[in-house]
Amino acid sequence: PFLENVVKHPNFLKGEFDTSFIDSTPELFIFPVRKDRGTKLLNYIGNVTINGFPGIEKKKKPIFASPRKPAIDITAAPPAGTKQILDAQGPEGLAKWIHEQKDVLLTDTTFRDAHQSLLATRVRSHDMFSIAKETAHLQNDLFSMEMWGGATFDVSYRFLKEDPWQRLIKLREQVPNVLFQMLFRGANAVGYKNYPDNVIREFVRKSGDAGIDVFRIFDSLNWIKGMEVAIDEVRQSGKVAEAAICYTGDILDPSRDKYTVQYYKDMAKELEAAGAHILAIKDMAGLLKPEAAYRLVSELKDTVSLPIHLHTHDTSGNGIYLYSKAIEAGVDIVDTALGTMAGLTSQPSANSLYYAMKGSGREVRTDVQSLEKLSHYWEDVRKYYGDFESGMNSPHSEIYVHEMPGGQYSNLQQQAKAVGLGMRWEEVKEMYSRVNLLFGDVVKVTPSSKVVGDMALFMVQNDLNEETVLTRGETIDFPESVIEFFEGYIGQPHGGFPKELQAVILKERKPITVRPGELLEPADFDSIEKMLFEKLDRPVTSHEILAYALYPKVFEEYSATNQQFGDVSVLDTLTFLYGMRLGEEIEVEIEKGKTLMIKMVSIGEPQKDGHRTIYFELNGQPREVNIQDMT
Ligand code: 3PY
Ligand code: ZN
């Protein structure tokens, strides 16, 4: 009661005390939830056992052996790494250090883009925490770990029902030595539309405080204006601004003259002038062919004096080849994933790249034995998420035609299934490339890629083609994301919008040409805080306020689930996705040193009103919960 009074005190709420501990340890303040955590978890487990997990087929919980873990001593602090270089020398010092390295440096994407691209972003914090310390010890020579941002933020709340900030904070504690990198969508932050400037700035500040060091900032239309606020805030926060060029088209194909080498060189110069510490080439779909990689990296090295960091996806199977060409041309850092989380729509394998470059004169800075050990863990963990695999099991050279980003492939496929187009996936992909041309050949990366995807789904669903969109467009209600795109609310595409299509889509609405951030009302964080305080009946963290400012509905749904079931992130992944088998017993560590023993004893028959009673033992005591059977 005393604490409750304190935290409801007006001064406390106004932020006149140092309240940063609320952000880092929110569980201390969630009193009502703590009391019956056990029952809430039983309700969750009962529910998922009976009704299945949304989006995947209900099935009996599969049995897998525990994941293999490297047998190393993780009690001592891990060896120093790039984090210590940044802390001692600042972003400019770090850039200088990168330039001095002869070996190629790696960013490991296993914790972010690899699973975003292979498993629809569904890898849970639980499986990252289990291997984080080992990773810190074995991967201490990485340039960075990309482990946050992109779709992970939204998916954590929306589907995994867990707090992405806690993922970041806890990983930071366990990995104090390697730079943490996030993917930041410029004015779209980690969302799908432009946000007010104060949201962008606050998000950058808070992510920096929580542990992010390197911000890879891009704009989904390569519109520099959409990146400037973020770059500025990252610089002011003393963090590393890695500004990205999104690569699209084909610089080797003279018939595709919209995105030329000169176009990318001009953009690189502008990003350098805007304050980038590192230049990223973000080949989000894997369109950069090996010879193009050589040419682009060579020319960019002659154009700017920034270190160059290359990102690609291995969808075509050409990833290692293009990296070796880029390395020959002098690229400084490349993005790879651990072998068993690499390839196809994910990044090329670090393990394979190591062997490819051995003896070439420029080696990859890594210990391949360590990579193999960590790869075993991920090989085993990946099985948990089998239901989210895209089904792609060989290289797809068709990527050069449809140009769909790796991070979008498995997600759009889930979206297609959700609207009943699972069987028409081939048509959706083909329509995706047609929509790109209809839109004037745009850069496709979140959120512009989502707009193209939404339009492709919409056209397949409604049996529309390029002609009928224009002739019947006046009477068609286009998806909201498509309307906002043509209004200019995610920025201005290179070469402008196709005018006729824009008029048909917008109807009475007028497009804007300025930066949306100049028009959007700043978010009112105080009133969000008050509203959430009333609703949740507890102090709210600045992280929650930001999450609400980004996606109010998703955050509200997450909070409701959280109130109903408590913190489900403590469950192991198979229990989270499939519940329990009869007679099974599991251990759940709900906080450090506090473990619940849960046994599922029996499941009652459905009653007239559809309820079933599930009988558990919780720490040896009988407990029952009633679950509505919705199957
Ligand atoms: C994202 O924005 O999530 C991406 O991965 C884009 O490539
Ligand atoms: Zn990517």
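Considering the site of ligand 1
Next up, step 1: Around ligand 1 lies a shell formed by Arg112, Gln116, Gly150, Ala151, Leu183, Arg185, Phe218, Lys282, Met284, Val445 and Thr446.
Next up, step 2: Contacts to ligand 1 include Ala151, whose backbone N or O atom sits 3.4 Å from an oxygen atom.
Next up, step 3: Relative to its unbound accessible surface of 230 Å², ligand 1 loses 99% to contact with the protein.
Next up, step 4: Residues that form the shell around ligand 1 fall into these classes: 5 nonpolar, 3 polar and 3 charged.

Focus: the sheet that holds strand β11 (residues 611-618)
Next up, step 1: In spatial order, the strands read β9-β10-β11-β12; together these 4 strands make up an open sheet with antiparallel pairing. Edge strands, defined here as strands with exactly one partner in the open sheet, are β9 (585-591) and β12 (621-628). Between one strand axis and the next, the sheet turns through 35 degrees on average, direction left out of account.
Next up, step 2: Of the strand pairs in this sheet, strand β10 (residues 594-603) and β11 are connected by 5 bridges, and their pairing is antiparallel. Bridge pairing links Ile603 to Ile614 in β11.

Considerations on unusual backbone geometry
Next up, step 1: The linkage connecting Thr446 with the following residue, Pro447, adopts the cis geometry, with an omega of 5 degrees.
Next up, step 2: Along the chain, Pro447 turns up in the loop between α20 (425-438) and α21 (448-461).
Next up, step 3: Notably, Asp537 is not glycine yet its phi reads approximately 55 degrees, a positive angle.
Next up, step 4: Counting through the fold element by element, Asp537 comes out in the loop between α26 (525-536) and α27 (542-550).
Next up, step 5: Of note, the phi angle at Asn619 is positive, near 50 degrees, even though the residue is not glycine.
Next up, step 6: Secondary-structure assignment places Asn619 in the loop between β11 and β12.

Details of the sheet that holds strand β7 (residues 308-311)
Next up, step 1: If you trace the 8 strands once around the closed barrel, you get β1-β2-β3-β4-β5-β6-β7-β8, paired in parallel fashion. Neighbour-to-neighbour, the strand axes of the sheet open up by a mean angle of 30 degrees, direction not taken into account.
Next up, step 2: Where β7 lies against strand β8 (residues 333-336), 2 bridges are found, and the strand directions are parallel. What sits directly across from Leu310, in β8, is Val334.

Here we look at the side chain of Gln408
Next up, step 1: Counting through the fold element by element, Gln408 comes out in helix α19 (residues 406-418).
Next up, step 2: Taking the relative accessible area as the measure of exposure, Gln408 reaches 10% and is therefore buried.
Next up, step 3: At 2.6 Å, the side chain of Gln408 and the side chain of Tyr432 are in polar contact.
Next up, step 4: Side-chain polar atoms of Gln408 contact the backbone oxygen of Ser449, separated by 2.8 Å.
Next up, step 5: If we skip the residues at most four places from it in the chain, Gln408 touches Tyr432, Ser449, Lys450 and Gly453.

Thresholds applied
- Residues numbered from 1 in each chain as written.
- Chains lettered and ligands numbered in written order.
- Predicted model: local features only at pLDDT ≥ 70, side-chain atom pairs only at ≥ 80, totals over all residues.
- Heavy atoms only, no water.
- Near = heavy atom within 4 Å.
- Polar contact = N/O pair within 3.5 Å; in protein donor to acceptor, adjacent residues only side chain to side chain.
- Areas by Shrake-Rupley, 256 points an atom, 1.4 Å probe, with all protein chains shown as cover.
- Nonpolar A, V, L, I, M, F, W, Y, C, P; charged D, E, K, R; others polar.
- Pairing = 2+ DSSP bridges.
- Helix = DSSP H or I, 4+ residues; strand = E, 2+ residues; numbered from the N terminus.
- Axes fitted to C-alpha atoms, helices over the stretch in contact; angles between N-to-C directions.
- Buried < 20%, exposed > 50% of the residue type's maximum accessible area, 1.4 Å probe, protein only.
- Contact = heavy atoms within 4.5 Å.

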